[in-house]
Each structure stands twice: as structure tokens, then as C-alpha cells.
Amino acid sequence: MAGAAAPKRQDTRKFFENLSGAGKSIAVLTSGGDAQGMNAAVRAVVRMGIYVGAKVYFIHEGYQGMVDGGDNIKEATWESVSSMLQVGGTVIGSARCKEFRTHEGRLKAAHNLVLRSITNLCVIGGDGSLTGANLFREEWSSLLDELQQQGLIDAEAARSNSELHIVGMVGSIDNDFCGTDMTIGTDSALHRIIEVVDAIMTTAQSHQRTFVLEVMGRHCGYLALVSALACGADWVFIPEMPPEDGWEDNMCQKLSENRADKKRLNIIIVAEGAIDCHNKAITPDYIKDLVVRCLGFDTRVTILGHVQRGGTPSAFDRILASRMGVEAVLALLEASANTPACVVSLVGNQAVRLPLMECVQMTQEVQKAMDEKKFDDAVRLRGRSFENNLSTYRLLSYRKADSELPNSSFNVAVLNVGAPAAGMNAAVRSAVRVGITEGHKMFAVNDGFEGFYKGQIKEIKWGDVGGWTGQGGSLLGTKRTLPGKHLDKIAEQMRIHNINALLVIGGFEAFESLLQLYEARADYEEFCVPMCMLPATISNNVPGTDLSIGADTSLNAIVETCDRIKQSASGTKRRVFIIETMGGYCGYLATVGGLAAGADTVYIYEEPFDIRDLQANVEHLTQKMKTSIQRGLVLRNENCNENFTTDFVYQLYTEEGRGVFDCRKNILGHMQQGGAPSPFDRNFGTKVAAKAIQWITQTLKDSYKGGRVFANSEETACLLGMRRRALVFQPVSQLRDETDFVHRIPKEQWWLKLRPLMKILAKYKTSYDVSDSGQLEHVARLRPKETKTSSAI
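Naming follows an unreviewed UniProt entry, where the protein chain appears as ATP-dependent 6-phosphofructokinase of Seriola dumerili. Comment text from UniProt for the protein chain, heading Pathway (unreviewed entry), reads "Carbohydrate degradation; glycolysis; D-glyceraldehyde 3-phosphate and glycerone phosphate from D-glucose: step 3/4." Reading the Cofactor (unreviewed entry) entry of the UniProt record for the protein chain gives the comment "Mg(2+)".

Here you go:
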């Protein structure tokens, strides 16, 4: 693969080349309820295990297969996990196993593992499955003693298999496991829910209907809460937030007000475990009867059920599972007799290892708090991600009467700048509604800074942004025009409309625009106001943030297309697809899309390559095609090399592969920008915009002196970005030095660390920097105190 040479700087970094799996056996199993993305995790464990020289085994049918042994425990090969990345559920099967809960069952399981010298176990499942694995580990030495006494194993077998190492990955659509922001399968389940809600909204609007949707989540309201945020639901019921007495009247009043505001539909989302404050279940049918009885609205109930578990895993789940799978193998290789069983988790944008039982105990504490009706404690124990979703929902869910609003007398303008990105509208909606709640007058600017200097500015009210979360593109309109040439006119419009703060949502042009306005403060007092930028671009090329609004939707579009293109080759002769992605000079979409779609090679600008690399890649594919694998996938970022164009690469592969495989090429183009925003982008846009408006409110108060706003310090012109584990406000003037303006990319990009991982999964030898991983953390340490400029996601 292009540029696969080992990095020259071997300074403080730690590489996994010295972690050998030779002589070790690793087994992987999926247990409990299935979740989309489990197959991606299995694939990553198998390929990483084989890559480091270990033997890897599938255990089919979860713990049941471990107890039964025989053909249920089979050695895995590189080819045996081919084409499973895009398959939902779990290919190796899952089962609930009563026998493993008994001592006899665990004794049989231990015997089956020792027969194959398996002492490293990777368990993908929920908290019950992981607790079972931990108990198994604690009993391991006594089980071996018992097997020896019964004459089933000899002393040498007991000695050489004396330590059992366990690493868990949480596969659960409910996202109910403490210690991780996201569990494998949650994002895909949200995709299913949002697809249904979007479809229901069109029919509900046609008939002026109210829909009550029940989503999964017997003990955890995450799916209900986030889908309510992502579709702008009127009301949500979750176990962690039982409504107070009198909720029936409040809900009916709100539904009635919304209908009076000419809103043609109402959406109510109910988690299957929803309860009231007396622990009485709240069912969809009860809500339907209530609405019909009190309001007479045409009301329908939809119970989504197992639809949420099904279907293809989303790009997010494939990447999460692949990263976790590789991390799990590293954790097994580094484990010693003293290392506790750990679980691989995601915090913000970082994979971390946590002691398994700390996470399980905290998860059990949540249930205990719920049983004792300590709901605030339960929410806090769920973690920052859940807490922030809930506080954002509360901010946006209830429209206060004008008399209840604080009167701030500040005017805040919102605009989109750059190319459209899915999720922009969700961010604008959130900003407008939170701004109104904070007492500001909100102004919408059409067509970016071009519309700004032309005076296309008007007040925007609560009801004007109804239904915006699910809309793709930019409803405000957006242009790439920078403000630099029109500063006089823009300053004049700021004066005319008395604009006291600016929220700019957009890509690299938005970043450059904010820099220009900040630098013009010396000449124009009108720009001495709080200014905040939210990164929104499919290219994910803005400095100061790991992720931008819109990139997730774009990745899903790329991955879906790659899946379809790969499928088109099934049943034909061996074929390689050359696919060009967008992104300018930034290789994010190509690299991360390649990881999620199972690409063999990805060409990007950030990792220079030459004709020798191209030749090596063709030879690599030729070797692959001699196995049972019939397809190849090559991704090329649009600006990776001016001479090695997509046509050139296609022609080279066609010529060199003659007689072994044929080629097809595909340029994805603007399809990557379009479509309805993904649940992640809706939710991310909603949360960061709410956070930005709260920052603007505080900064307005701090800079209001002598009857006017005056803000000219660098801290008052910020970009709000996601950095590893936190959302951070960073002055744009400080980000200037981190930016390559010629190629419109940050000088350092976190996702480049994912490239070796992608190469390993495509069977290339490479160096992999593991300095970020390896430290076992503790659950309590995940709750740092928030500062004014930084907060958890």
C-alpha cells in the first residue's frame, strides 16, 4: 500500500512490532443479543490476531458453543472473515446459554479451551456476557485443578494454560453499558429508527396525524432520547426521566399548542421501559388513548421492535468495531497474570481500556439508583454523553411563553458559509431555539456573507425552524464568498440590525471568514462582538476539531455505495473497483471510508506515493485474487496526486491485472454531499450549536460594558471543536498556526493513525504506533471537571 514504510522517528512512540502473538491462541465469540457491527469486530480480531502470528478461533453460538465444543470451535483464516464487514447481526452466531451459568457448564467450556490451548478470549456482548466471562476467569485455576483430578488433562496442559486473559467489547444496541460513550450497534439502531421516523413524518403530515413510536430500551432510554433529539420529537418518555404527576395535561397542552402553530404532525417517542414517577409503565396505547380522548387527534401507534437490531451496520459502527477489535488484540497481547479483565471503550474520539468489573458495577449501580427512584443519580452514572443529550433535549423541548423568557436585548445572527453539509439545518434549529430560550433575538442570514453584505437578514422565530433536523443541505442557503472584500458593507449591516454576536456554521471558508473578521476588528468596531464557528463540512478538513458536522453522513453515503458496487461483482469473474471520493486535499473521507468499506488500498495527498507503490499494490491484489476472495476495492482521494489521476490508476490496474482481474471505476461526486443527515450528524449539530449559544450568552454578558457589547480579545472569536475527549472552544487566531492554508487542511490530523490499522486489515505489513493505547484507566477518571472553554461530548 502507498507509503507503507516504517516511520523514521522512533523517539517516544511505542510500536506494536515487538508485541508478538506467536505461540498464542485467541478465541472470539459473540454472546447475548446481536448488534450490527459485531461482524466488523470479529473480522478485526481475526485479522489482527493472524497478523501478529497468533492462532485465532471462532466460537460459534456464543457460550453454548464453548460448552458444547466440537465443530463449534473452529480455527479462523484470513479469507473466512472476507465480506462480513457489511453484514448485520453476527455471522458466528449468538445464543443465551443457561448451561454456562452452572459450574458443570463452565468446567466443560474450560476443557474445550484447554484442548486447543486457547488462553485468550475476546468476548463481544452485553454486561451479562462480560460478567460471565469475568467469573470464568476468576474460576479458571480451580477449573483446571478439577479437570486434572478427573484425568481429563495432564499436569503439563494445566501448567501451559494456567492463565486465562479476557478482553471485552460491548455489543448492544441499547448503549446501556457504563464507561463507553457508544456501544457497537447503537448508531446502526439509530439509523433504523430515524429512517422509520422520516418515513412516518411524510405520511403524518399528509393527514395531520399524531404518531406514538415505541423504540427498544427496557432499562435505558438512550435510543429514545437521541432519536427524539434527532427528529425534533414533541415529547419523549424514558426510564431515567419519569414525568411528574400531571404530565398528561402538560403533554396534551403542548401538542395542542403545536397544532395551533400550524404544525401538521406530532411525534411522541416512548422507550419500552418508560415509567411514571410511581413506577407505573407508560405504554404507547395508553398515550394514544389519552391523546384521542383529550384532543381528538387522529393518532397511530408504531412499535419498531426487532427492526432496530437488523440491517447493515452504519459507517460509524464499522469503524468503532474495527478500532475496538484491533485494540482488543493488543490488550490480550499485553495482558499479564495481574492485569484485570478489561473492556475496550470509546470516550469522545478515543479508544480506552477500562477494568471490566468497574464498568459492570457502575452499570448495576444505575439500575439500583433507578429502583430507588434516584433518577438524577442514574443519569449522572450513565455518563457525560447521556447527561449532555438529556440537558440538550430539555433546552430544546419546551417553548416558554414570552413572559417567561429572560430579556437579554441582544441580537444574534446565524449563517452558513461554504459548501452545504448534512446536519447544518439541525445546528441552525438548535441555535435559534436555544438563543430564544436565553432571551436573545435571533437573526437568520441567507446565502452566507454574500447575503450578509446584501442585507438578506431577517429575524427568525421558534416556529420557523420546525422540522429542520431531518433536512439535508442548507435551508438558509450557503455561499463560499469570504467577507474580506465586503467588510464595509458587512459592518454597515451589523450596525443597521444591531448584531451583537455571530454564529457561523460551515467549512474551511467559515474558518477563514472568522479569521478575516477577527483581523478586521482594529478597523471596524462592529466586529468587536462574540463570534463562534461550528465546523460543518463533509471533508472534515477544518483545524481545531476531530470531526465536522456532515462528515458522518458523507461516510455513510460512500460506504453504502461501496457495498453496492462490491455486491455488483458477486457471481462475476474477479474484479477490482477504483473509486474516487471527495475531500479536496484532505484524505479523511477516503481513509475512513476505506476502513469502513474494507478497501485494499487508499491513495491520499497526506501520504505521498510513487509508481513503485502503485506497482506493489497491484501485485498485492493479484496475490489476493489467487485465493477465494474475488473482489478488490481501491479508493482514491480526488486531489491525492495531480499526475496519478483516477483514469491513470484505472488504466494501470487494468493493464497489470490482465488475465487475473478486470477493473471498473466510479467517481462518486456530489452524491457524497446529499441525502438526509445521519443520526450522528443531527445529534452532533444539535449539541454543539446549543453549547455554542450558551458560550455566546456568557461572552455577551462578560463583554457588556457601558451600555454596549465590546469584545476584542482573541478568546471572543472561537471555533468549537471536538478534541479527543472533549468539546473545546479555541481562539481562531491560535488555530492559524495549525493550518496549511495552501491545501486547506490542518497540519496534524488524528485520523492518519487509522491508516496503519486499515493496511493491517488489508494484509499489508506496516508500523502501528500504539503509544495512545495500553494504559488501563479507571471509570471514575472519566469524569473530569468541566471548564468554561471545554466540556465532555
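Now that the structure is up, let's keep going.
Novice: How should I be thinking about the overall build of the protein chain in this particular structure?
Specialist: Looking only at helices and strands, the protein chain has 24 helices and 28 strands in total. A globule of 793 residues ought to have a C-alpha radius of gyration of about 28 Å, and the protein chain, at 27 Å, matches this closely. If you line up the protein chain on its principal axes, its C-alpha atoms span 90 × 70 × 50 Å. In the protein chain, which comprises 793 residues, the share counted as buried stands at 63%. The long-range fraction of contacts in the protein chain, counting pairs at least 24 apart against all pairs at least 6 apart in sequence, stands at 80%. Carbon and sulfur atoms make up 48% of the accessible area of the protein chain, which totals about 29800 Å².

Novice: Hey, could you run me through the packing of helix 4 (residues 127-149) against helix 11 (residues 356-371) in this one?
Specialist: Helix packing for two helices is described by the angle between their axes and how far apart those axes are. Remark: helix 4 packs on helix 11, axes separated minimally by 10 Å, with the N-to-C direction vectors making an angle of 135°. For the element pair helix 4 / helix 11, the angle class is oblique. As helix 4 packs across helix 11, the resulting crossing turns out to be left-handed. Along its contact with helix 4, which presents D127, L130, T131 and N134, the element helix 11 presents L356, M357, V360 and T363.

Novice: Quick question: what am I supposed to make of the state of the cysteines here?
Specialist: Think of a disulfide as a covalent bridge from one cysteine sulfur atom to another cysteine sulfur atom. Counted by the stated rule, this structure contains 0 disulfides. C562 carries a free sulfur, and the closest cysteine sulfur to it, the one in C663, is 15 Å from it. With relative accessibility at 0%, the residue C562 sits in the buried group. You can see C586 has no disulfide; the closest cysteine sulfur is in C640, sitting 13 Å from it.

Novice: Before we go on, may I ask you to explain helix 12 (residues 375-382) in this structure?
Specialist: Three- or four-residue spacings in an α-helix give side chains the same orientation, since the helix completes a turn every 3.6 residues. Listed in full, the buried residues belonging to helix 12 are F375, A378, V379, L381 and R382. On an axial view of helix 12, the arc spanned by its buried residues comes to 165°, and they lie on one face. Where helix 12 ends, the next residue or the one after it, G383, has phi of about 110°, a positive value.

Novice: Would you mind showing me how to read the pairing of strand 20 (residues 631-637) here?
Specialist: Side-chain positions along a regular strand alternate between the two faces of the sheet. Counting buried positions along strand 20 gives 7 out of 7 residues, so the element sits mostly inside the fold. Of the two faces of strand 20, the one lined by R631, L633, L635 and N637 and the one lined by G632, V634 and R636 are each fully buried. Pairing analysis gives 7 bridges linking strand 18 (residues 575-581) to strand 20, with the strands arranged parallel. Residue pairing in the sheet places R575 in a bridge with R631 of strand 20. Pairing analysis gives 3 bridges linking strand 19 (residues 601-603) to strand 20, with the strands arranged parallel. Paired with T601 across the two strands is V634, which belongs to strand 20. In terms of handedness, the path from strand 19 via helix 20 (residues 611-625) over to strand 20 forms a crossover that is right-handed.

Novice: Whenever I open this one, the side chain of Q749 confuses me. Can you help?
Specialist: Turning to its location among the elements, Q749 is positioned in the loop between strand 27 (745-746) and helix 24 (754-761). On the basis of relative accessibility, which here comes to 10%, the residue Q749 falls in the buried class.

Novice: Would you mind going over the sheet that holds strand 19 with me for this structure?
Specialist: The 4 strands lie next to each other as 19-20-18-21, forming an open sheet whose pairing is parallel. The open sheet has two edge strands with one neighbour each: strand 19 and strand 21 (662-667). Pairwise comparison of adjacent strand axes, ignoring direction, gives a mean angle of 15° for this sheet. In terms of strand pairing, strand 18 meets strand 21 through 6 bridges, oriented parallel. Note on strand 21: the bridge partner recorded for F577 is R664.

Novice: Sorry, what's going on with the nonpolar core here?
Specialist: A general feature of soluble globular proteins is that nonpolar side chains tend to end up buried together. Judged by nonpolar contacts, the single largest core of 191 residues is most densely connected at M169, I269, L503 and L534. Top element by residues in this core is helix 10 (residues 315-334). It accounts for 13 residues. Ignoring sequence-local partners within four residues, the contact set of L534 consists of A427, L503, V504, I505, G506, I549, V688, A689, A692 and L720. Counting residues in each nonpolar core, the second largest holds 50 residues, with A27, V67, L147 and A341 among its members.

Novice: How do you make sense of unusual backbone geometry when you look at a structure like this?
Specialist: For residues other than glycine, phi is negative in most cases, and the peptide bonds are mostly trans. For S83, which is not glycine, the phi torsion reads 65° and is therefore positive. With relative accessibility at 38%, the residue S83 sits in the partly exposed group.

What counts, and where the lines are drawn
- Residues numbered from 1 in each chain as written.
- Predicted model: local features only at pLDDT ≥ 70, side-chain atom pairs only at ≥ 80, totals over all residues.
- Heavy atoms only, no water.
- UniProt positions renumbered as here; feature names shortened; annotations may be inferred.
- Helix = DSSP H or I, 4+ residues; strand = E, 2+ residues; numbered from the N terminus.
- Rg over C-alpha atoms; globule rule 2.2 N^0.38 Å.
- Buried < 20%, exposed > 50% of the residue type's maximum accessible area, 1.4 Å probe, protein only.
- Contact = heavy atoms within 4.5 Å.
- Areas by Shrake-Rupley, 256 points an atom, 1.4 Å probe, with all protein chains shown as cover.
- Axes fitted to C-alpha atoms, helices over the stretch in contact; angles between N-to-C directions.
- Parallel < 35°, antiparallel > 145°, perpendicular 65-115°, else oblique.
- Left-handed = near helix turned anticlockwise from the far one by under 90°.
- Disulfide = S-S within 2.5 Å.
- Arc of directions from axis to C-beta.
- Pairing = 2+ DSSP bridges.
- Right-handed = clockwise from strand over helix to strand, strands pointing away.
- Core = buried A, V, L, I, M, F, W, Y, C linked by side-chain atoms within 4.5 Å.

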